[in-house]
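The lines below spell out each chain.
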Amino acid sequence: MVDPGRCTGVAFDVDPEHALADRVGMAMVRLNKMHAQVTHQMAKQGMDKSAFVLLATLSGLGECRSSALAEAVLSDPSTISRQVAGLVKDGLVERRADPADGRASVLAVTEAGRELILTRRRQRNEAIEQVFADWADDDFKGFADLFERFVQDYERIIPPLLTNRGTGPRDGGED
């Protein structure tokens, strides 16, 4: 694997005021690159990343309408509808009559869907534990606490920024 610090290319002068943010941003770029490799491997095994995100989100929400799932993943309902159709076809999600309104349907994760989520979660956790194998327990815990805090704040801050810049999913930007 190539050491990113040894690659040559255009160097950008970073305003010292933003140096820490740049370090975090560049680390996120590297993490995203690795995540793309994992996503590619998942696709080879027949599971699209966006479909898995929907499946995991639906599992966390419990039974819900497609529109609620679309809102939860900040996506367009028509996009979600197409992706859910694939999950239903694969037997990972099922449509049920909405108990509150029999004319509508809700989505629910099937037993096969739950098993897939548990298997992937176990695999992910084992891989993460390998990354932290040489870290002291307190360092691992401290990182987990700070990373959860970062992601929580990121989830809170980024969607309004995207919407304000006209690049959010409901403003004609990417899903």
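The structure displayed is predicted, hence computed values, not measured ones. (Residues numbered from 1 in each chain as written. Predicted model: local features only at pLDDT ≥ 70, side-chain atom pairs only at ≥ 80, totals over all residues. Heavy atoms only, no water.)

Re the overall build of the protein chain
Rules: Helix numbers and strand numbers start at the N terminus; a helix is a DSSP run of H or I with at least 4 residues, a strand a run of E with at least 2. Residue contacts are defined here by distance: any two heavy atoms, one from each residue, within 4.5 Å place the two residues in contact. For accessible areas, the Shrake-Rupley method is used with a probe of radius 1.4 Å. Any residue's cover is judged against the shown protein chains and nothing else.
The helix and strand tally for the protein chain stands at 6 helices and 2 strands. Across the protein chain, helices and strands are ordered from the amino to the carboxyl terminus as α-α-α-α-β-β-α-α. Sequence-distant contacts in the protein chain: of pairs separated by 6 or more residues, those separated by 24 or more amount to 46%. Total accessible area computed for the protein chain in this model is approximately 13100 Å², and 55% of it derives from carbon and sulfur atoms.

Here we look at unusual backbone geometry
Counted only if it meets this: Relative accessibility decides the category of a residue: with a 1.4 Å probe and only protein chains considered, values under 20% of the type maximum give buried, values over 50% give exposed, and everything between is partly exposed.
One non-glycine residue, Leu74, lies in positive phi territory at about 55°. As for its position among the elements, Leu74 is in the loop between α3 (66-72) and α4 (77-89). Look at Leu74 and you get partly exposed, because its relative accessible area is 44%.

Description of the packing of aromatic side chains
The test is simple: Here a pair means two rings of Phe, Tyr or Trp (six-membered ring of Trp) with centres within 6.5 Å. Their orientation is stacked below 30 degrees between planes, edge-to-face above 60, and tilted elsewhere.
Applying the stated criterion to the full structure yields 7 aromatic pairs. Taken together, a centroid distance of 5.4 Å and an interplanar angle of 15° make the contact between Phe143 and Phe147 stacked. Here the residue Phe143 and the residue Phe147 both occupy positions in helix α6 (residues 137-164), the gap between them amounting to 4 residues, near one helical turn. On the basis of relative accessible area, Phe143 is assigned to the partly exposed category, the value being 35%. A ring pair is formed by Phe147 and Phe150, whose centres lie 6.4 Å apart and whose planes are at 25°; its orientation type is stacked. Separated by 3 residues within a single helix, Phe147 and Phe150 lie in helix α6, roughly one turn from each other. By relative accessible area, Phe147 is classed as partly exposed at 38%.

Quick word on the nonpolar core
Just so we agree on the cut-off: Nonpolar cores were defined as sets of buried Ala, Val, Leu, Ile, Met, Phe, Trp, Tyr and Cys residues, with membership established by side-chain atoms within 4.5 Å.
In this structure, Met47, Phe52, Leu55, Leu58 and Leu69 are the most contacted members of the largest nonpolar core, which totals 19 residues. Put simply, the parts of the chain that give this core at least two residues each are α2 (49-61), α3, α4, β2 (101-109) and α5 (111-131). Top element by residues in this core is α2. It accounts for 5 residues. Every residue in contact with Met47, bar those within four places of it in the chain, is listed here: Met42, Phe52, Leu92, Leu116 and Arg120.

Observations concerning the confidence of the model for the protein chain
Worth spelling out the cut-off: pLDDT: the predictor's confidence for each residue, scored from 0 to 100.
In the predicted model, the protein chain carries a mean pLDDT of 87, and the fraction of residues at 70 or more is 89%. No element of the protein chain has a lower mean pLDDT than helix α1 (residues 19-44), which averages 88, and none a higher one than α5, which averages 94.

What to know about α5
As a reminder of what qualifies: Expected helix span is given by 1.5 Å per residue-to-residue step, counting one fewer step than there are residues. Here the arc refers to the set of directions running from the helix axis out to each C-beta atom.
Between the first and last C-alpha of α5 there are 30 Å, a value that for 21 residues agrees with the 30 Å anticipated at 1.5 Å per step. Here α5 has its buried residues at Gly113, Leu116, Ile117 and Arg120. On an axial view of α5, the arc spanned by its buried residues comes to 100°, and they lie on one face. Facing away from the buried surface of α5 by more than 90 degrees, the exposed residues are Leu118 and Gln130. Lining the buried residues of α5 we find α1, α2 and β2.

Some details on the packing of α2 against α5
The geometry of a pair of packed helices is captured by two quantities: the angle between their axes and the separation between those axes. Basically, it comes down to this: Angles run from 0 to 180 degrees between N-to-C directions of axes, and those axes are lines fitted to C-alpha atoms, restricted for helices to the stretch in contact. In this scheme, roughly parallel covers angles under 35 degrees and roughly antiparallel covers those over 145, while 65 to 115 is roughly perpendicular and the rest are oblique.
The interhelical angle for the contact between α2 and α5, taken along N-to-C directions, is 105°, at an axis separation of 10 Å. The angle between the axes of α2 and α5 places the two elements in the roughly perpendicular class. Two secondary-structure elements touch here, α2 through Phe52, Leu55, Ala56 and Ser59 and α5 through Gly113, Leu116, Ile117 and Arg120.

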